[in-house]
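Chain by chain, the residues run as shown.
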Amino acid sequence: MEKLKSIAKDTVIYGMSSIVGRFLNYLLVPLYTAKLSAASGGYGIITNIYAYVALVLVLLTFGMETTYFRFTNKTHTDSETVYGTTLISVGTVSLLFAMTVLCFLQPISTLMGYSEHPSYVGVMAVTVAIDAFLCIPFAHLRQQKKALKFALLKLLNIIVSILLNVIYFAVMDGNDVGYAFYINLVCTVMLALCLVTEYATFRWKLDRQLLKNMLSYSWPILILGIAGILNQTADKMLFPYIYPGSDMHEQLGIYGAASKIAMIMAMITQAFRFAYEPIVFAGVKDKDQHEMYTKAMKYFIIFTLLAYLMVMGYMDILRYIIGRDYWSGLNVVPIVMAAEIMMGIYFNLSFWYKIIDKTIWGAIFSGLGCAVLLLVNILFVPRYGYLACAWGGFAGYGVAMVASYVVGQKYYPLNYPLKDIAFYIVIAAIFTFAMFGTHHELPLLGSLCVNTLLILLFIAIIVHRDLPLKSLPVIGKHFNK
């Protein structure tokens with residue numbers, strides 16, 4: 001129970017920085033979609049290039065974040081040597097990547113479809129190389145339980161980015177999409193300066209044998225990461241190549257903007273991961289660890305379903321996050337959110353093979369999910385457009401999630417409370433259909449009132465079944481008098 005409290009506390013800090021940060025970052029979505037019309041394809045370019053960035057970031061870190069946590073908590077390993085070896089290896093790979101892209105900038109830009117704007121590719125290559133290097137100091141902060149510093153730096157980066165974007169796009173009335181990438185580079189450099197104490201005050205030592213052992217652990221995680229990130233970004237990278245219309249950037253921009261509304265699930269999953277991962281590896285041998293895994297899964301699903309209902313219930317308000325000419329893509333939001341929930345469940349399930357050092361299974365599951373996603377996209381995007389992208393992600397995560405659970409129960413069986421989880425899923429599904437029904441039958445105010453009552457009822461069910469008020473801090477004191 002103490003570990004769950006620790007996870008909850010750190011998740012609040014990481015979650016607040018993630019949720020507040022993502023919310024602040026959302027301010028860029030209405031800004032971009034207001035200044036860059038759907039027809040201009042500007043937001044489609046942003047969506048496309050950032051999809052490549054996400055994939056490259058996984059390649060440049062090559063699983064060393066998770067590997068760092070694992071080896072730091074192994075016996076007979078010096079944590080400072082592990083940190084130095086990790087930082088030097090990731091930094092070297094990142095530097096070589098940036099130099100290679102800059103040397104072959106024009107052919108790479110042409111291949112990506114940006115022959116007239118190679119600066120977009122060059123700037124983002126340098127930016128992602130620095131970001132990859134900084135992932136390790138940020139992992140070090142998490143390992144040292146410096147959640148507050150981690151959160152403040154993340155928020156600082158986002159706030160400065162928003163201010164610079166507002167100055168250019170709103171105050172100066174600019175509309176050059178390239179400035180979104182230039183501003184990103186400026187903020188990344190600023191972050192590197194803020195983290196200088198995390199990589200300039202330790203002993204720079206590369207242990208070759210240690211690196212060899214770490215790479216044997218990390219390479220399946222790299223494959224897992226590639227497949228995992230492709231599940232999130234492959235549709236956005238492939239879309240310009242497989243969509244038959246000449247308006248591919250316009251359609252991609254609509255899909256990318258609408259999907260932003262669904263990203264609340266990514267925030268919750270990310271916040272949970274930041275708090276959960278170090279604790280799991282630190283307490284591998286604890287007796288109560290199995291119970292902690294199953295309870296964490298249950299509460300994760302409960303609160304992501306609550307978030308799902310809140311987004312569905314207030315969609316008529318949340319749609320104003322994006323410009324009106326992007327609203328045609330809102331039909332993908334429930335599909336993308338459901339896919340994100342399954343991704344979060346898959347992440348929770350993934351610890352069994354990390355703990356027993358069988359990370360190859362993660363590569364297999366993620367690869368399988370990625371193959372399903374690619375197949376759905378290739379077969380159906382030419383006919384159904386970006387709607388097939390959303391269903392592809394849903395199918396890919398669903399397959400990976402089920403496969404991980406089935407195999408995991410054989411190698412590392414855990415008694416998950418499946419009946420309780422199923423109960424909440426059924427209730428959330430019923431409430432979602434009720435919300436869709438009232439949306440068509442009632443005026444806006446009436447629909448919002450009904451949706452609010454349904455959300456409050458879902459919260460009441462949670463409190464009654466699994467979160468009694470008397471067990472909560474502060475509030476519980478009044479019930480125990």
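Anything mentioned here points back to the structure above.
Since we're looking at a predicted model, the values are computed, not measured.

## Considering the overall build of the protein
Looking only at helices and strands, one finds 22 helices and 0 strands in the protein. Counting only residues that meet the buried cut, the protein has 54% of its 481 residues in that class. Summed over all atoms, the accessible surface of the protein reaches about 21,600 Å², with 69% contributed by carbon and sulfur.

## Observations concerning the pattern of salt bridges
Within the structure shown, the criterion is met by 7 salt bridges. A salt bridge links Lys35 to Asp173, with the shortest nitrogen-to-oxygen separation between them at 2.1 Å. Residue Lys35 is found in helix α2 (residues 28–35), and its partner Asp173 is found in the loop between α8 (147–171) and α9 (178–194); the two are separated by 138 residues along the sequence. Residues Asp420 and Arg465 are paired through a salt bridge, measuring 3.1 Å at the closest nitrogen-oxygen approach. One end of the pair, Asp420, is in helix α20 (residues 418–441); the other, Arg465, is in helix α21 (residues 444–465), with 45 residues separating them in the sequence.

## Here we look at the packing of aromatic side chains
Aromatic rings considered in pairs are described by the distance between their centres and by the relative angle of their planes. Counted according to the given criterion, the structure contains 30 aromatic pairs. Between Tyr43 and Tyr326, the aromatic rings sit 6.2 Å apart at their centres with planes inclined by 80 degrees, giving edge-to-face as the arrangement. With Tyr43 in helix α3 (residues 42–61) and Tyr326 in the loop between α15 (315–318) and α16 (333–349), this pair connects stretches of sequence that are 283 residues apart. Overall, the relative accessible area of 3% leaves Tyr43 in the buried class. Here Tyr255 and Tyr386 contribute two aromatic rings whose centre-to-centre distance is 6.0 Å and whose plane-to-plane angle is 15 degrees, an arrangement assigned as stacked. Pair noted here: Tyr255 is in helix α12 (residues 248–261) and Tyr386 is in helix α19 (residues 386–411), with a separation of 131 residues, a long-range link. Each member of the pair Tyr255 and Tyr386 is classed as buried. Taken together, the aromatic side chains of Tyr32, Tyr43, Tyr168, Phe169, Tyr179, Tyr182 and Tyr326 make up a single cluster linked through ring pairs. Above the face of the Phe138 ring, Lys154 is positioned so that its terminal group lies 4.2 Å from the ring centre.

## A few points about the nonpolar core
By size, the foremost hydrophobic cluster in this structure holds 112 residues, and its most contacted members are Ile322, Val333 and Phe458. Leave out the neighbours within four places in its chain, and Phe458 touches Ile302, Leu305, Leu306, Leu309, Tyr424, Ile427, Ala428 and Phe431. One finds Tyr68, Val82, Leu134 and Leu191 within the second-largest nonpolar core, a separate group that totals 27 residues.

## Focus on the environment of Gln409
Looking at the secondary structure, you find Gln409 in helix α19. Here Gln409 falls in the partly exposed class, since its relative accessible area comes to 26%. Separated by 60 residues in sequence, Gln409 and Leu349 place their C-alpha atoms 9.9 Å apart. When neighbours within four sequence positions are excluded, Gln409 is seen to be in contact with Leu414 and Tyr416. Within polar-contact distance, the side chain of Gln409 engages the backbone oxygen of Leu414 at 2.9 Å.

## A word on the packing of α3 against α12
One way to put it is that α3 packs onto α12 with a least axis distance of 7 Å and a crossing angle of 70 degrees. For the element pair α3 / α12, the angle class is roughly perpendicular. Between α3 and α12 the crossing geometry is left-handed. Note on element contacts: α12 touches α3 through His249, Leu252, Gly253, Gly256, Ala257 and Lys260, opposite Tyr43, Gly44, Ile45, Thr47 and Asn48. Of the residues that constitute the contact of α3 with α12, the class distribution is 4 nonpolar, 6 polar and 1 charged.

## A few points about the environment of His140
Within the secondary structure layout, His140 lies in helix α7 (residues 118–143). Taking the C-alpha atoms as reference points, His140 and Phe150, 10 residues apart in sequence, are found 9.6 Å from one another. Setting aside anything within four residues of it in sequence, one finds His140 in contact with Tyr68, Tyr83 and Glu198. Polar contacts involving the side chain of His140 include one to the side chain of Tyr68, which spans 2.8 Å.

## Here we look at the side chain of Thr85
Mapping Thr85 onto the fold places it in helix α5 (residues 79–103). A residue is classified by how much of its surface remains accessible, and Thr85, at 0% relative accessible area, is buried. Contact partners of Thr85, with chain neighbours within four places excluded, come to Lys205, Leu206, Asp207, Leu210, Leu211 and Met214.

## A look at the packing of helix α6 (residues 105–112) against α7
Two numbers describe how α6 lies on α7: the axes approach to 9 Å, and their chain directions differ by 110 degrees. If you check the angle between α6 and α7, you find them roughly perpendicular. Here Leu105, Gln106, Ile108, Ser109 and Met112 of α6 come into contact with α7, specifically with Pro118, Val121 and Gly122. Grouping the amino acids of the contact of α6 with α7 by side-chain chemistry returns 5 nonpolar, 3 polar and no charged.

## Regarding unusual backbone geometry
The backbone of Phe62 sits at a positive phi, close to 35 degrees, despite the residue not being glycine. Secondary-structure assignment places Phe62 in the loop between α3 and α4 (64–72). By relative accessible area, Phe62 is classed as buried at 10%. The phi torsion at Asp173 lies on the positive side, around 60 degrees, for a residue other than glycine.

## Details of a nonpolar patch on the surface
Where nonpolar side chains cluster on the molecular surface, the patch consists of Val166, Ile167, Val171 and Met172 and spans about 380 Å² of accessible area. Here Val171 lies in helix α8. With a relative accessible area of 65%, Val171 lands in the exposed category.

What counts, and at which threshold
Residues numbered from 1 in each chain as written. Predicted model: local features only at pLDDT ≥ 70, side-chain atom pairs only at ≥ 80, totals over all residues. Heavy atoms only, no water. Helix = DSSP H or I, 4+ residues; strand = E, 2+ residues; numbered from the N terminus. Buried < 20%, exposed > 50% of the residue type's maximum accessible area, 1.4 Å probe, protein only. Areas by Shrake-Rupley, 256 points an atom, 1.4 Å probe, with all protein chains shown as cover. Salt bridge = Lys/Arg side-chain N within 4 Å of Asp/Glu carboxyl O. Phe/Tyr/Trp six-rings, centres within 6.5 Å; stacked < 30°, edge-to-face > 60°. Lys NZ or Arg CZ within 6 Å of the ring centre and 35° of its normal. Core = buried A, V, L, I, M, F, W, Y, C linked by side-chain atoms within 4.5 Å. Contact = heavy atoms within 4.5 Å. Polar contact = N/O pair within 3.5 Å; in protein donor to acceptor, adjacent residues only side chain to side chain. Axes fitted to C-alpha atoms, helices over the stretch in contact; angles between N-to-C directions. Parallel < 35°, antiparallel > 145°, perpendicular 65-115°, else oblique. Left-handed = near helix turned anticlockwise from the far one by under 90°. Nonpolar A, V, L, I, M, F, W, Y, C, P; charged D, E, K, R; others polar. Patch = residues over 30% accessible without salt bridge, like charges linked within 9 Å, V, L, I, M, F, W, Y side chains within 5 Å.

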